[in-house]
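# Summary of the model geometry
Below, each chain spelled out in residue letters.
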Amino acid sequence: MKKVSFPYMGTSYIPFERLLKDFGNKVIVPPRPTEETISYGTKYAPEFACYPFKIVLGTYVQVLEAGADTLVSSGGVGPCRAGLYTALQEKILQELGYEFEMITLEPPGRHFRDLLQNIKKLINTRLTLRDYISISRFAWKQLVLLDKVERLSHKTRPLEINKGDSTRAYKKCVEMIAGAEKYVDFKEIERESELLYEAVEKRDYDPLKIGIVGEIYVLMEPFSNLEIEEMLGELGVYVERSMFLSEYTISNAVMDLFHMAGERDAKKMAAPYFKEMCGGHGRESVGNSVIFAKRGFDGIIQLSPFTCIPEIVAKSILPKVCKEHGLGFLTISLDEQTGKEGLRTRLEAFVDLLMAKRKKAGTLTVKSQVAKEMA
Amino acid sequence: MNTNAGIIKIPVEMYYMIAVRGEIEVKIGIPRALAYYAYYPFLTTFFEKLGLEVVVSDETTKEIMDMGIEDTITDACVPIKLFHGHVRNLMDRVDYVLVPRLVSINREATFCPKFLGLPDMLSCSISKFKNMLEVRIDLKKSRFELFMICMRLARKFKKGFFLAYNAYLRALLSFKNYTHQFLQGGIPPLGILGQKKNNPIHLAVVGYPYMLYDPYLSLDLIKKLISMGVYVVTPEMLCERDKKKQASKLKKTLFWTFSNEVIRSAYCLFENRTVDGIIHVTAFGCGPDFIVDKLMEIDAKRYKMPYLNITLDEHTGQEGLNTRLEAFVDMLKIKKAKKEAALA
Ligand code: SF4
Ligand code: SF4
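Residues numbered from 1 in each chain as written. Chains lettered and ligands numbered in written order. Predicted model: local features only at pLDDT ≥ 70, side-chain atom pairs only at ≥ 80, totals over all residues. Heavy atoms only, no water.

This paragraph deals with the nonpolar core. Of all hydrophobic cores here, the largest spans 184 residues; its most connected members are Phe53, Leu232 and Ile301 of chain A together with Phe47, Leu225 and Ile278 of chain B. Per-element tally for this core: the top contributor is helix H3 (residues 51–65) of chain A, with 9 residues. When sequence neighbours within four positions are dropped, the list of residues in contact with Phe47 of chain B reads Ile28, Ile30, Leu52, Val54, Leu98, Leu153 and Phe157 of chain B. Among the nonpolar cores identified, the runner-up in size contains 15 residues, and Leu145, Cys173, Met176 and Ala180 of chain A belong to it. (Core = buried A, V, L, I, M, F, W, Y, C linked by side-chain atoms within 4.5 Å. Buried < 20%, exposed > 50% of the residue type's maximum accessible area, 1.4 Å probe, protein only. Helix = DSSP H or I, 4+ residues; strand = E, 2+ residues; numbered from the N terminus. Contact = heavy atoms within 4.5 Å.)

Written as structure tokens, this is what we have:
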């Protein structure tokens, strides 16, 4: 039996593990990235590799040590580097003497047949069409639910009275979702999660609202962004991320099949500033910032891995966009040297700045659109 | 009837049009950075033959570099900073500054995301920059796309079809001539017309044209090597067909045209062994290059080809570079002598 493993990104490992198991593989669940992961990553990756590359490489080393012999990851068709990750990682790992098979799942738009072949390699039991349908339905629901409880945690955290309540509730929800056995369980879990969040004691006020945009990996993987959402939440800020896993999956797998690149709304909004699709999520970062502005947010934080090309382009454009829309703007470049304390100080300063701006404008009286959405 | 009134009524634009058609030439500025180094014979010839006055920005100096650094965010790579600097150098003394948005020149690859977003970056980073002439170049669309782009430009400057067609042909010719000079062993952008083939050491210097051929940025690396008695080979000096052959070496074609050029040249040289070593020149913080460099490094080891990486940024010092180059060349000389002794 194949021992399959894959990169770690947020909570995506839960549905992924289940999927691969149902397809008849032995799964080696990647560990949550830690200092150790990074140290492997920085040791074996080139110096200017982007941060996600290093984390993923480190994870591969860890799972190969744990006995995995097949690595699955998603490809991409550029023009940014992510699509070339696997080609280089495979070479580096081979140089280190590991033996394994690398399976890259390219988005279906260009190499549909390759994709099917690669998926076939991963299916190692006999399944009927009904099985396929129920397996994918289960995984999809799991994904959607995971996103939902995360969103709920973002909403509750700034309002909580006892610090840490929402984080605890969130962890519990994730556990429940991961433990689900059958599709019907989800209904119960969904209700229970909502109750859990309702039980958190809340204050009643209109928190500052900050939108987070940036490169997908550092956006989704809390270890790589130093748990910035939690940090901001505890500073009493409502955060919203521009991208969630289920949406990402749709835009990468489904939309690509029909050759519709990227999120269309974001694309339209970015058009006046950013005319060309340039890979990664540079244009989405700009477009989503405009959308956040229209919805009455107070500020934007851009997360970018150090040396990330599309985000560097976005970074040159965003200050102007934010100025035109009256948003505060903070950009954070992440790599193995970014410290948590330094980040907290910068966030605190940013939040103070936004607060002062709000007071000056006297907008506290007008409830913004998001506030209405949240109520 | 009052004839005078009729004359006064000619709109201002008309005067402008007459002026454009007549003596006053439009001045078009071309920044000496990025794609300029790869395609300048085409650009300059085309606009000159079209009857415009072409102004190329000055050669890179510390001042230009500093202006570029001032306008860009710190983690942009040096070539991008330099482009900003060159735009500043030009923008006040010409009517238009040409800023290409290079999307593709063939079907297989595109360009670094920073090339794709270049005009957007510029219009946000340099607030006073109003006379940008943005030209989108996406040649994968059709075989005649380059021609169409040229015609569109000609129309913009109100030039006739035949004049434009002639300019286009001349430009192509001049570009062909330029590539030919490379194949003869010359390096035209550096003013090197030919090199002595019987130099003891042959070295390949691979990297993007705007890194290699900007003497300020590359700290005159190529000329330095030549003065050390080295025959220098650059990617442009290898024949297109040989490079194409190497395409299958990679599991997946890289996404960027210039990077493919570099890596294929390297594979060519690994196989033919026409050089004694390879130097890869790259910019600090360059995105695509971390992949290109690592792939080449791993494979150089497999092919037992001496390999040196040189990373340049705005702070790289001449001294350090010289010592590294000298050490590398000396090492190769000793190696060669040993090999010859063993053979004798
Ligand atoms: S988008 Fe940024 S982080 Fe992702 S591969 Fe490209 S450069 Fe790296
Ligand atoms: S290829 Fe590298 S050096 Fe060239 S623009 Fe892109 S990041 Fe900069």
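What follows is about the pattern of salt bridges. Counted by the stated rule, this structure contains 38 salt bridges over all chains. The partner of Arg358 of chain A in a salt bridge is Asp206 of chain A, and the shortest N-O contact between them spans 3.9 Å. Here Arg358 of chain A is found in helix H15 (residues 340–361), whereas its partner Asp206 of chain A is found in the loop between helix H8 (185–199) and strand E5 (208–214), with 152 residues between them in sequence. By relative accessible area, which is 8% here, Arg358 of chain A ends up buried. Here Arg101 of chain B makes a salt bridge to Asp120 of chain B, at a shortest N to O gap of 3.2 Å. Taken together, the residues Arg101 of chain B in strand E3 (residues 96–104) and Asp120 of chain B in helix H7 (residues 118–125) connect sequence positions 19 residues apart. As far as burial versus exposure is concerned, Arg101 of chain B and Asp120 of chain B are alike and both buried. (Salt bridge = Lys/Arg side-chain N within 4 Å of Asp/Glu carboxyl O.)

Below, the discussion takes up the interface of chain A and chain B. The interface of chain A with chain B comprises 37 residues on the first partner and 39 residues on the second. Overall, the association of chain A and chain B removes approximately 3,300 Å² of surface from exposure, summing both partners, and the carbon and sulfur fraction of that is 69%. Counting across the chain A and chain B interface gives 4 salt bridges. Across the pair Glu95 of chain A and Arg302 of chain B runs a salt bridge whose closest N-O atoms are separated by 3.4 Å. The interface formed by chain A and chain B contains 3 residue pairs in polar contact (both at pLDDT 80 or more). Among the elements of the structure, helix H4 (85–95) and helix H14 (309–324) of chain A are those that each provide at least two residues to the side of chain A that touches chain B. The dominant element in the side of chain A that touches chain B, judged by the number of residues it contributes, is H14 of chain A, at 7 residues. Grouping the amino acids of the side of chain A that touches chain B by side-chain chemistry returns 21 nonpolar, 7 polar and 9 charged. (Buried area = accessible area lost by both parts, 1.4 Å probe. Polar contact = N/O pair within 3.5 Å; in protein donor to acceptor, adjacent residues only side chain to side chain. Nonpolar A, V, L, I, M, F, W, Y, C, P; charged D, E, K, R; others polar.)

Once that is clear, we can look at the sheet that holds strand E1 (residues 3–5) of chain A. Residue and element names in this part refer to chain A. Here 4 strands make up an open sheet; going across it, the order is E2-E1-E3-E4 and the pairing parallel. Looking at which strands have only one partner, the edges of the open sheet turn out to be strand E2 (26–27) and strand E4 (101–105). Bridge count for E1 against E2 is 2 bridges, and the pairing is parallel. Each residue of the ladder has a partner; that of Lys3, found in E2, is Lys26. Across the sheet, H4 lies against strand E3 (70–74) and E4, angled at about 175 degrees from E4, the strand it touches most. (Pairing = 2+ DSSP bridges. Axes fitted to C-alpha atoms, helices over the stretch in contact; angles between N-to-C directions.)

Here the focus is the sheet that holds E5 of chain A. All names here are of chain A. With respect to topology, 4 strands assemble into an open sheet ordered E6-E5-E7-E8, the strand pairing being parallel. Edge strands, defined here as strands with exactly one partner in the open sheet, are strand E6 (237–241) and strand E8 (328–334). When strand polarity is set aside, the average angle formed by the axes of neighbouring strands in this sheet is 25 degrees. The pairing of strand E7 (residues 299–305) with E8 spans 7 bridges and is classified as parallel. Of the residues in E8, the one forming a bridge with Pro305 is Leu334. On the sheet, H15 packs against E5, E6, E7 and E8 and is oriented at approximately 170 degrees with respect to E8.

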